[in-house]
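# What the coordinates show
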Amino acid sequence: MKIICLFLLLHSFYHLIIVNLNYKLPRFFLGLNILLVLFSFYGLLALFHVTTHPLAGEYLKTIFICLLPIYSFFFFTKEKYIYPKDIPIIIFVFFLFSCVSFYGKMHAMFLLTTRDGIDFTNNSGYLFVPLIAGAALLRKSKMLQYVLLSVSLSFCLFSSKRGAIIICVICIFWFVFKDLQGKNIKQKISVMSLILIMSAFGYACFEKRLAESYVFQRKLQEMADGRGSGRENLYADFFDFQWNSTTPFQFILGSGANATLDVSVNYAHNDWLEIFINQGILGVLIYALYWLIFANECMSKDYTPQVRLALQLLFIIYFMKTLFSMSYASIALPARFIFGYCLAQKKINIQNY
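First things first, this report covers the structure right here in the doc.

Now for the packing of aromatic side chains. Considering all chains together, one arrives at 44 aromatic pairs under this definition. Ring centres of Phe13 and Phe64 lie 4.9 Å apart, and the angle between their planes is 75 degrees; on these two criteria the pair is classed as edge-to-face. Taken together, the residues span a long stretch of sequence, with Phe13 in helix H1 (residues 2-22) and Phe64 in helix H3 (residues 56-78) at a distance of 51 residues. The class for Phe64 is buried, based on a relative accessible area of 13%. An angle of 50 degrees between the planes, with centres 5.7 Å apart, marks the rings of Phe94 and Phe337 as tilted.

Dropping the structure here:
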């Protein structure tokens, strides 16, 4: 298995080089290239430093696994290995993959529940959130789009992950808002009918999860009371460390890859704090530049409305994850595919380069 993973990573490195050398690229890749260089440089420094962090290799592997496949899927699309007619099948495969992961995790946790009587959350719920962006690409079947939205929402609810649920709901609202634009009365009635069915299904799933899960009830109560998950205390500790306990050099350039694990037993669970400590204020500025470039890419008129919507949904998903979870280090496989496929659809005017 390790040999297969190594082969796929090397293949992705090859695509990284080929894509940058042989294609006129969307400006998104400028931000992605800079981000990849930043993380790779710090990861290699940690890997070959005398006081190597025990997880330095994992840091690099995570970065490469999450970012490099975007270049591969871009290459496959440009080279006509992937056609628009293949998208429903590919999305369905990703859906099945997400289901297997979700139920595998649930089975493992059920074993603990049976033994200890505990309730649980399921991190695999996050795998279904990028499928909402995938639904934007299923333009030939409105019914299929809303079925996928409904099912994705249900899995997020049953995962009991507040972050996944919040992002999923916001994405669905944005999807519906964009879907209703430019429609005539008859089309709007059709879409509203699907929305009502989806809403009823979502409410039924919400009620079922609320009745079954103490964890879900507790998290809703915490939100109603204005209380968080406790990470706000973690955020304060990380920020206080970087602001008050570092040298000017560390403040500007950071303390190195995985430096947050030297401050606490866990990662920051906030990209901006994680980068602030690892790569300093320089890293934060580079990360902000990446998101500005991404935002600009999402508004480009050089994409079809469906592809532009998919990119906007990816922006919402992964920007929100920067605030309370890990974003750049947890880009799901369906999202890597959607990134690469959508970016390859851009009609680039060479005169702009």
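So, next bit.
Our next topic: the nonpolar core. Residues Phe39, Tyr146, Leu314 and Tyr318 are the most contacted members of the largest nonpolar core, which totals 99 residues. With 13 residues, the top contributor of residues to this core is H3. If we skip the residues at most four places from it in the chain, Tyr318 touches Pro130, Trp291, Ser327, Ser330, Ile331, Ala332, Ala335 and Phe339. Judged by nonpolar contacts, the second largest core, of seven residues, contains Ala259, Ala268, Leu273 and Ile277.

Another aspect to go through is the side chain of His15. With respect to the secondary-structure elements, His15 resides in helix H1. Judged by its relative accessible area of 1%, His15 is buried. Separated by 2.8 Å, the side chains of His15 and Ser72 make a polar contact. Not counting the four nearest positions on each side in its chain, His15 is found in contact with Tyr71, Ser72, Phe75 and Phe76.

Interhelical geometry of helix H7 (residues 162-180) versus helix H14 (residues 305-324) gives an angle of 155 degrees and a closest axis separation of 10 Å. In terms of axis orientation, H7 runs roughly antiparallel to H14. As for how H7 packs across H14, the hand of that crossing is right-handed. Across the interface between the two elements, Gly163, Ile166, Ile167, Ile170, Cys171, Trp174, Phe175 and Lys178 of H7 pack against Leu309, Gln312, Leu313, Ile316, Ile317, Met320, Lys321 and Phe324 of H14. Class assignment for the residues of the contact of H7 with H14 results in 12 nonpolar, two polar and two charged.

With that out of the way, let us pick up the packing of H7 against helix H8 (residues 185-212). The contact between H7 and H8 brings their axes to 10 Å, and the two run at 165 degrees. Relative to H8, the element H7 lies roughly antiparallel. The hand of the H7/H8 crossing is right-handed. Contacts between H7 and H8 involve Ile172, Val176, Asp179 and Leu180 on the former and, on the latter, Lys188, Val191, Met192, Ile195 and Met198. Residue composition of the contact of H7 with H8, by class: seven nonpolar, no polar and two charged.

Calculation notes
- Residues numbered from 1 in each chain as written.
- Predicted model: local features only at pLDDT ≥ 70, side-chain atom pairs only at ≥ 80, totals over all residues.
- Heavy atoms only, no water.
- Phe/Tyr/Trp six-rings, centres within 6.5 Å; stacked < 30°, edge-to-face > 60°.
- Helix = DSSP H or I, 4+ residues; strand = E, 2+ residues; numbered from the N terminus.
- Buried < 20%, exposed > 50% of the residue type's maximum accessible area, 1.4 Å probe, protein only.
- Core = buried A, V, L, I, M, F, W, Y, C linked by side-chain atoms within 4.5 Å.
- Contact = heavy atoms within 4.5 Å.
- Polar contact = N/O pair within 3.5 Å; in protein donor to acceptor, adjacent residues only side chain to side chain.
- Axes fitted to C-alpha atoms, helices over the stretch in contact; angles between N-to-C directions.
- Parallel < 35°, antiparallel > 145°, perpendicular 65-115°, else oblique.
- Left-handed = near helix turned anticlockwise from the far one by under 90°.
- Nonpolar A, V, L, I, M, F, W, Y, C, P; charged D, E, K, R; others polar.

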